[in-house]
Structure formats: structure tokens, C-alpha cells
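Chain by chain, the residues:
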Amino acid sequence: MIPEIGYGALLVALVLAVYGSAAAGIGGHTGRAAYVESAQHAALGVFVLVTLAFALLTYAFLVFDFSVRYVAANTNRGTPFYYRITAVWGALEGSIILWAWMIAMYTLIVILRHRRNAREFYPWVLTVLLSVLAFFLLVMTVPAPPFQRLTPAPADGRGLNPLLEDSGMITHPVALYLGFTGFTVPFAFAIAALITRRVGDAWITTTRRWTIVAWYFLSLGLLIGGWWSYHVLGWGGYWAWDPVENAAFMPWLTGTAFLHSVMIQERRRMLKLWNIALVVLTFSLTLFGTFLTRSGVIASVHAFTQGSIGMFFLTFLALVVLGALALLALRWDDLRGQGELDSVVSRESTFLLNNVMLVAAAFTVFFGTVFPLLAEATRGVKVSVGAPFFNSVNVPLFLGLIFLMGVGPLIAWRRASLNNLVRNFLWPVTIGVVAAAVFRLLGVRSALAVLTLALTVFVAATIAVDFARATRARGRLGERLLPAMGGLLVRHNRRYGGFVIHLGILLVAVGVTGSQAWSVQDELTLRRGESTELAGYRVRFDGLAASEESNHFKVTGTFTVTNGRGHPLTLSPAKKFYPRDQTPIAYVDYKLGLREDVYLVLGDFARDGSQATVKLQVNRLVSWIWLGGVVLTLGTALAVLPERRKTA
Amino acid sequence: MTTNKHRKLVAGLVIIALALGYMIYAGVTQSAVYFVTPSELKASAVTGKAYRLGGMVLPGSLKWDPATLDLAFTLSDGTATVPVRHKGTAPDLFGEGRGAVVEGRWTADGYFKATLIMAKHSEEYRAPHDGSGAGYKDLMKTLRGTDAR
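All values derive from a computational prediction rather than experimental measurement. (Residues numbered from 1 in each chain as written. Chains lettered and ligands numbered in written order. Predicted model: local features only at pLDDT ≥ 70, side-chain atom pairs only at ≥ 80, totals over all residues.)

**Side note on the environment of Trp427 of chain A**
All names here are of chain A.
(1) Moving on: Tracing the backbone shows Trp427 in helix H16 (residues 418-441).
(2) Moving on: Residue classification places Trp427 among the partly exposed residues on the basis of 16 C-beta atoms within 10 Å.
(3) Moving on: For the pair Trp427 and Thr462, spaced 35 residues apart in the sequence, the C-alpha separation amounts to 8.1 Å. (Helix = DSSP H or I, 4+ residues; strand = E, 2+ residues; numbered from the N terminus. Buried ≥ 20, exposed ≤ 12 C-beta atoms within 10 Å, placed from the backbone.)

As C-alpha cells, this is what we get:
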């Protein structure tokens, strides 16, 4: 009975979404408020119904209702409580329902926040949001029905993919989808701006916080994904240029470009067309990413494979892109910018270059990801490009972007005079150059590492110079040091929030550089009691033990790690044997540190416990990446605070 | 925007586009790896060239020496077989009778030297095979008797 209620709720929600979308459009067109109000009620109804459906699906998981095909496919009686909840969005159908629920929630927030302050756009924003919702609801009724019955109902389910039994699966998909779906709102506003011919900066200022929040969640989703890869998959890496990772990275790149280019429009009335194009591109890439991961066109480590859903997404994607292009063509005359570029040495052109590089990086990732499809379609050969391709093209772009991160926020608008350049950049450049020399003297051999670290120091120095100067200015007005600093952060929260986010990105850059340049690893077989040494760490194999968990068996190795200082450390990597799988899954153990992580993977072992093959890694500076995520969070929190500048 | 500035801007963008185009072209030619089946590799193997070879691990062909970390097995596509050698443990989900993709080079000594092994796995799992759990129970029993102390 419950699955039928869930299915019914989704059907009614679909009808309501289609109705609401049309009603809001009519309301926007005729200017009659009653239609818009009716659409609002429909949107509220959709939210309640999708919430109900989501709750019912969760309930089906909690009570092991194996008569539901999706439940039977993704859980079994041994699945622990928490993972029964995360299993709800562990595969295709559930991820779509989570996605729809998030858009419905965002729609509700839009209604609560903007029904008064964005009146001209508002009806059309509702139309777009409800149309997107209708699409996802359609997907849930035809190609990916979460409540589909399985007859006869099996006595036990097949269980969750063991790799997904991890706390990262609680947060990673949720953050990622909050990011993906978050870009629907700026997209809806952009389309509304085109329809109403109000392509000025009103739609941008209204959606500023939306964009930052969506961008933040997408960043967080990517970082947590990296963390999951690092501590679950057991290869000691956090990023593999896997198609699924790329699918999430592309909208991040264009979203980052958008986040910066809107500032130019706000300040200089330029780039109107570009901004709308960017947000349409970002939204399209979130759909494209879903298409890539859900349609099975690309074989990937964690791509879900499913039949007709690919066609649905491709059709919807085509509708979105063609519709947006048609609208852009219709509004071509409105989209000419008023400002113009005065000089190449200016903040505008720095931001422009930043945008070009970000979009170029997105294009590179796109090209590398679809290259196998292109090659097979045009030349009939199966060929792929791996990490070397992505690295060789993107590393120069990213280095350029880090450099611009230092230049952009400080250089003058319009035209930077020599005086302005010297005033802002003399110290940071000097510090950067000195840093490069110091790193070299400290024995950093890789030129790439020296360059990246020096650039990072340069950018950090620009931020420090700016902050010190502003603090001193307030100090001259008689404020004490600490209140002056606090006042700056609060009153110019948007600027300094941006700076803090930049610092977070720098930490990630240092982590990536360090781990690439200085990580070391070894793989070998140890007899019981035998030790090995790597990078100052001595690892002794003490033995194996077996245990039985709720849904699997586990063979755990005990290893004692010493490095000459501090207490010896015990690491217990394991192999987990899930009864329904032919081969075991590794369970990594590690000790994280600011300088380096000791990372141990149990490979093969002798059944009598006399020997074990291990992969031992000392990974350098990886923790800085996760630390960068924390700093990103702080910066975002600061940036989205209400602006207080005017009252100051 | 004056035409002169416009020209400069367009010129700048063209230069960037050309540079990117070159980087992508160079990247693809340097790192493109062809995906081949054992039959295709047998038909036209170029020694020293990088390939991705996909096939099934032939049952009974897997040899593993923990002391030297030498892993050897045979990949088959039903018509042809290719001997593969690798240094290091196999990844999770790798095993006889299962699909695997290996990346590496064809050597003059008549075997494929793999630098990377990828086991195929998907989100959607098949139903457990009958009695497959029994073997593990056995294993557990053996291991329980062998605690470190």
C-alpha cells in the first residue's frame, strides 16, 4: 500500500508542477496576480508531495520492504541503520527523488524570499523552477520509478554496494546535489530576466547569495568526494579525472567563472550576454553531468547504468540549450553592455582573463571526457585519454588562475597606473620571489612545485597587504587593532569572505602540490613480526584477526608504526568479505597529519596469518586539502552575511 | 568599444584559443591510449606502445607470488588470449572469471606488461551466487585460529 501512495504522490506532484508552471507563465504574461498565487500553491503542494514520497521511500528502506524493487536492490537485512538511510539515495532512482526534493525545497525558499522583492521576475522564475521539477518528476514516473514493485518479493535484498557503506556517503551526494540543484535558481532568474527584458543587474544582485551557496555546496561535494576516494578506495589518491568526477567539476569551473564575472556587470554594466550564457552553461552542465553518470554512455568506476533515462536527459538538455539560445537571439539588442574595456591593465580585463581560463579548463575537461565517444563515433576506434592529458592541459591554466587570484582583487578598475601597480604588488611580488628562492634552497627540486608554492605565497601576500592596509586606515580613525579587524570583516564581509575563500583554495593548491611532489609509497610482503621502513616510518606486521560484522566478515591486520618520536601507533587495515561478492573490499587505515599521512592498505594475505602483502604510503600535505574545505566554509559563511556597509 | 580595442581583444582571444587548441592537440597525441581486445592486440601489436587491454581473466591462469609481488594471468576474449604480467597486488574485485582492464605495454618477450589493473565493477550488483558465502565461512574458521598471540 505504502509504495502505491508514494507513486500516487509523485504523479499528483507531476500534474501540479505542470499546472503551476503554466499558471505562473500566464500570470507573468497577463500580469494577473491570481494565477501567480495559484502557481505558488501548486509549488507548495509539489514540495509537500515530494517530501511525502521521499519519506515513504525512506520508510520502505527502514522496514525492509523488499517488495519494492529499489529497496531490494540496494539494501538487505544486514545493512546497518544509518546506511539504510543513505542507501535511499545510493543509486539511480533515489538520487533523482533527492534531487527533485531539493529543487522543490529551493522553490519554496524562492517563494518565501522573493515573492515581494523580485516581482517582475518572480512569475517566470516560478515557471522555470516548476518546469525543471516537472522534468524530474516525469523521470520518476517513467524511466526510473522508485516505487516499482518486485513480485514475488524476495526474502532478503541484495544489499548496498559495500563501497557506499561509509559516512562520506551521507554528506557527499547531499552536498553535491545541493550544489547542482542550487544553480537552478540563478538559471531561472536569468531566463526570467530574458523573458521580461530586464537584463540589467537586478537578477544578478537578487541571486548573488544563491550563486555563492550553490557554488559552496558544489565545492564541498567535490572535496568530500575526494575524501571518500582517499579513505575508502585504497589507492591513496583523491582525484582520478574519472568521468563522474569530471561531470561535477565542469559546472564548478563555469560556476566559478560566473561568480566572478557577475561582479564586472554589477560594477561596470559589462558582460550582460556573457553572464546569462555562463549561467545557462552551468545549469546545462549539471544536466549533462547527470546524463553522463546516469545513462551508462561512459564506463566509469561509479556510473550507474540504466536504459532509457539517457534519452530523457539528453532531450531535456537539448530543450534547455535550444530554448535559452532562442531567447538570447530574441533579446540580442537588450544584451549589449554599456561599459567598455578601458585598458588591458585593469581589474575588468583580469576578471575577463580569469573567465576565459576557467571556461577553457571546463572545455578541456569536457573534451577529455567525451573524447572516447567522439573517437568511437568518428573513427571507429576505442581510445581514451587519462590523467596525463587532463594534467598537461589544466596545470598551466590553474597556475594562471592562481596568479590572477592575487592580481584581480587589488588591481585598479578601468586603468591601473604604474603607481597603483607598485603600491599594490611590489611587496607581494618580492615576497613571492624570495619564497621561491627559499623553497629552492630548502631543496625543493620540482620546478612546478616551486612555482606553485611561490604563486601561493604571492597571493597570500596580496591578501595580507590589503588587509593590513585597510586595518591601518581604520586605526588612523582611532580604532584599536582587533576591533578594526573585526569591523573590516563584518562591514566588508563580501570582499573579505571572498579573500578567505581564496585562502581556502590556496590551501587546496598546496595540498595537491605537496601530495603530487613528495608522496612516497612501497608495496611488499611482510612475515609476521617482520618490519619495513619508509620515509622514516618503521612498520611491523603483528598478525591477522578475523571478525564477523552485521553484514560481512572482516580480516584485520595489526601493524605497529614507529617513527622514532612519540608513541608507537597501531594501524589496522582490513579486508571485508561481503557474502554476495566474489572478491573482498579493502578497508584502509591511516594516521592523518598536517605534514604527512601514514596510509596502509592490506592487500593479499596468507590464510594462516603468517604473512601479509601491504601497500604503505607516506602522503605529504594531503590534509591541507581538507583544511582548505574548512576555510572555504568559513569564507562562504562570511560572504553570505547580510551586507552592513551602508549602516556603518 | 572602438574598433582598435575591439581588434586587440579579438586578437587576444584568438591567441588564447590557439594556445588552448595546441595544448589539447599535444595532450591528446601524447596521452591517447587505445582500447583493444586480446584478438585486436594479437593482430597488430606494436612493441612499446601503450594500450588498454580488456578481457576476462582466464580461470586457472592466475599466478601470484607474494614474496616477489609478481602477478601473472591471461586475459581472454573468447577467441584469443594474451599473457599479462604485473608487479603488485591486484585491486579489489579482481579475480578469475571476471572482467578486467589493464593498462600497459606489449613487450618484445611476448607478454603484456601492465602498469595498472582496473577491475570492472558497477553500482548495480547481481544476485549472490549460490553457496558463494560458504567459502568465506571456511576462511573465517581458518583465520580465527590464527590470532597474533
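**Describing the sheet that holds strand S2 (residues 520-527) of chain A**
Residues and elements named next belong to chain A.
(1) Moving on: An order of S2-S11-S10-S9 is seen for the four strands of this open sheet, with the pairing classed as antiparallel. Two strands close off the open sheet at either side, each with one partner strand: S2 and strand S9 (589-591). Each neighbouring strand pair of the sheet contributes to a mean axis angle of 20 degrees, computed without reference to strand direction. (Pairing = 2+ DSSP bridges. Axes fitted to C-alpha atoms, helices over the stretch in contact; angles between N-to-C directions.)

**Quick notes on the domain arrangement of chain A**
Frequently, the measure chosen for interface size is the accessible area that the parts lose on association.
(1) Moving on: By the assigned domains, chain A splits into domain 1 (2-389), domain 2 (417-518 + 625-647) and domain 3 (520-621).
(2) Moving on: Measuring from the centre of the C-alpha atoms in domain 2 of chain A to the corresponding centre in domain 3 of chain A gives 39 Å. (Domains from an automatic or database assignment.)

**Remarks on the nonpolar core**
Residue and element names in this part refer to chain A.
(1) Moving on: Ranked by size, the top nonpolar core spans 183 residues in total, and within it Val46, Ala100, Val125, Leu133, Phe136 and Ala192 carry the most contacts.
(2) Moving on: Of the domains in this structure, domain 1 (2-389) and domain 2 (417-518 + 625-647) are the two that each give at least three residues to this core.
(3) Moving on: For Val46, the residues in contact, after removing those within four places along its chain, are Ala13, Leu16, Ala17, Gly20, Ala104 and Leu133.
(4) Moving on: Counting residues in each nonpolar core, the second largest holds 26 residues, with Leu526, Ala546, Tyr587 and Leu616 among its members. (Core = buried A, V, L, I, M, F, W, Y, C linked by C-beta atoms within 7 Å. Contact = placed C-beta atoms within 7 Å.)

**So, the pairing of strand S4 (residues 537-548) of chain A**
Residues and elements named next belong to chain A.
(1) Moving on: As paired strands, strand S3 (residues 531-534) and S4 are joined by four bridges and run antiparallel to one another. Of the residues in S4, the one forming a bridge with Ser531 is Arg540.
(2) Moving on: Connecting the antiparallel pair S3 and S4 is a turn made up of two residues, with Ala535 showing a positive phi of about 50 degrees.
(3) Moving on: As paired strands, S4 and strand S5 (residues 553-562) are joined by 10 bridges and run antiparallel to one another. Bridging across to S5, Arg538 finds its partner in Thr562.

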